[in-house]
Amino acid sequence: MRTLFIAGNWKMNKTAAEAVAFLSEIKDELNAIEGIDIAVCPPALAIPAVADLLKGSKIGIGAQNMYFEENGAYTGELAPNMLVPFCNYVILGHSERRQYFGETDEGVNKKIKAALAHGLTPIVCCGESLEQNQAGETHDFVSGQIKGAFANMTGAEATKCVIAYEPIWAIGTGLTATVEQAGGIIGNTVRATIKEIFGDDVAQKIRIQYGGSVSEKNSAELMAHPDIDGALVGGASLKAAFVDLIKNAQ
Ligand code: 13P
């Protein structure tokens, strides 16, 4: 049995002060929710204040990106060991990083290995564009992303990761993939590719989230699909309704 995992990706929203004010409002309610793993992924500068506020709570903390090198002349980047004191998770290969910041499968692969070496759980993102979806290329493209991201890794390493399938056309658009679409790609493409690379045991253990316009209105039906193990939530994780989104998923 895979435990549901719902994480909020705040993207470039909320200052440290805003993050603390928001989480102070909802943290007790989040802490009271049983049986679901929960995390928030604030902007990097808000992470220490959030970690301080959430000390001793069951709410995990994730970063939204990380570089793979240990240190050095990489202006603007954060190294794994800078995240470790505060974070349990790190989102890697989000489509916005691929689109705006030149992230590649090869880079994501290096970042996954670096995160695991430092005991951070990678949330590895994949997902096709609208054009790819309409051209019937979703399976081959997403499968290729998974093969690239998980190249030269062991099954034991892969098992420690979380994958988020986020069709780009569903991100921030209010267009959610239907349960059948999302569950179908997650099962027949994402999990099937993990099975092809690492075998059925790893494929059954690895958690695969859906992301793309998840809200308190659709979380229950999405999470009811046997192949959908949670959600990576953008916009709806910035408001108090994030609590209802998780409660409804439960
Ligand atoms: P939205 O929930 O705002 O569509 O964003 C999804 C996402 O990109 C989470 O990483």
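Quick note: structure is the one above.
The rules behind each value
Residues numbered from 1 in each chain as written. Predicted model: local features only at pLDDT ≥ 70, side-chain atom pairs only at ≥ 80, totals over all residues. Heavy atoms only, no water. Buried < 20%, exposed > 50% of the residue type's maximum accessible area, 1.4 Å probe, protein only. Helix = DSSP H or I, 4+ residues; strand = E, 2+ residues; numbered from the N terminus. Pairing = 2+ DSSP bridges. Axes fitted to C-alpha atoms, helices over the stretch in contact; angles between N-to-C directions. Contact = heavy atoms within 4.5 Å. Phe/Tyr/Trp six-rings, centres within 6.5 Å; stacked < 30°, edge-to-face > 60°. Lys NZ or Arg CZ within 6 Å of the ring centre and 35° of its normal. Polar contact = N/O pair within 3.5 Å; in protein donor to acceptor, adjacent residues only side chain to side chain. Near = heavy atom within 4 Å. Areas by Shrake-Rupley, 256 points an atom, 1.4 Å probe, with all protein chains shown as cover. Nonpolar A, V, L, I, M, F, W, Y, C, P; charged D, E, K, R; others polar. Parallel < 35°, antiparallel > 145°, perpendicular 65-115°, else oblique.

1. Looking at the pairing of strand β5 (residues 121-126)
- Within β5, six of the six residues are buried, which leaves it mostly tucked inside the rest of the structure.
- In this sheet, β5 lies alongside strand β4 (residues 89-92) in parallel orientation, the contact comprising four bridges. Bridging across to β5, Y89 finds its partner in T121.
- Pairing analysis gives four bridges linking β5 to strand β6 (residues 162-165), with the strands arranged parallel. Looking across to β6, one finds that C126 is bridged to Y165.

2. A short note on the sheet that holds strand β7 (residues 207-211)
- Spatially, β1-β2-β3-β4-β5-β6-β7-β8 is the arrangement adopted by the eight strands of the closed barrel, whose pairing is parallel. Each neighbouring strand pair of the sheet contributes to a mean axis angle of 25°, computed without reference to strand direction.
- Here strand β2 (residues 36-41) pairs with strand β3 (residues 60-63) via two bridges, running parallel. Residue pairing in the sheet places A39 in a bridge with G60 of β3.
- Of the strands in this sheet, β1 (4-9), β2 and β8 (230-233) touch helix α12 (residues 241-249), which is tilted by about 165° from β1.

3. Some remarks on the packing of aromatic side chains
- Enumeration over the complete set of coordinates arrives at six aromatic pairs.
- Members of the aromatic cluster, connected to one another through ring pairs, are Y67, F68 and Y74.
- The residue whose ring lies beneath K14 is W10, and the NZ or CZ to ring-centre distance is 5.8 Å.
- The ring of F22 has K14 lying over it, and the distance from NZ or CZ to the ring centre is 4.3 Å.

4. A closer look at the side chain of R98
- Residue position: R98 is located in helix α4 (residues 95-101).
- Exposure remark for R98: the relative accessible area of 18% places this residue in the buried category.
- A polar contact is formed between the side chain of R98 and the backbone oxygen of G93, at a distance of 2.7 Å.
- Beyond its immediate chain neighbours, meaning those up to four positions away, R98 contacts G93, E103, T104, D105, V108, C125 and Q145.

5. Some words on the site of the ligand
- Near the ligand lie 13 residues; those nearest to it are K11, H94, E166, G172 and S213.
- Contact distances for the ligand include 3.0 Å between an oxygen atom and a side-chain N or O atom of N9.
- Within the side chain of K11, a nitrogen or oxygen atom sits 2.8 Å from an oxygen atom of the ligand.
- For the ligand, whose accessible area on its own is 310 Å², the fraction buried by protein is 95%.
- Across the shell around the ligand, the residue classes break down as four nonpolar, seven polar and two charged.

6. Some words on the packing of helix α5 (residues 105-117) against helix α7 (residues 138-149)
- Close contact between α5 and α7 brings their axes to 7 Å; oriented N to C, the two are set at 45°. With respect to α7, the axis of α5 lies oblique. Counted together, D105, V108, N109 and I112 of α5 and G144, Q145, G148 and A149 of α7 form the full contact between these two elements.
- Partitioned by chemical class, the residues of the contact of α5 with α7 number three nonpolar, four polar and one charged.

7. What about the side chain of R191?
- With respect to the helices and strands, R191 occurs in helix α9 (residues 179-198).
- Engagement of the side chain of R191 in a polar contact is seen with the side chain of D229, the distance being 2.8 Å.
- Contacts of R191, omitting those with residues within four sequence positions, involve R2, I186, A203, I206, I208, D227 and D229.

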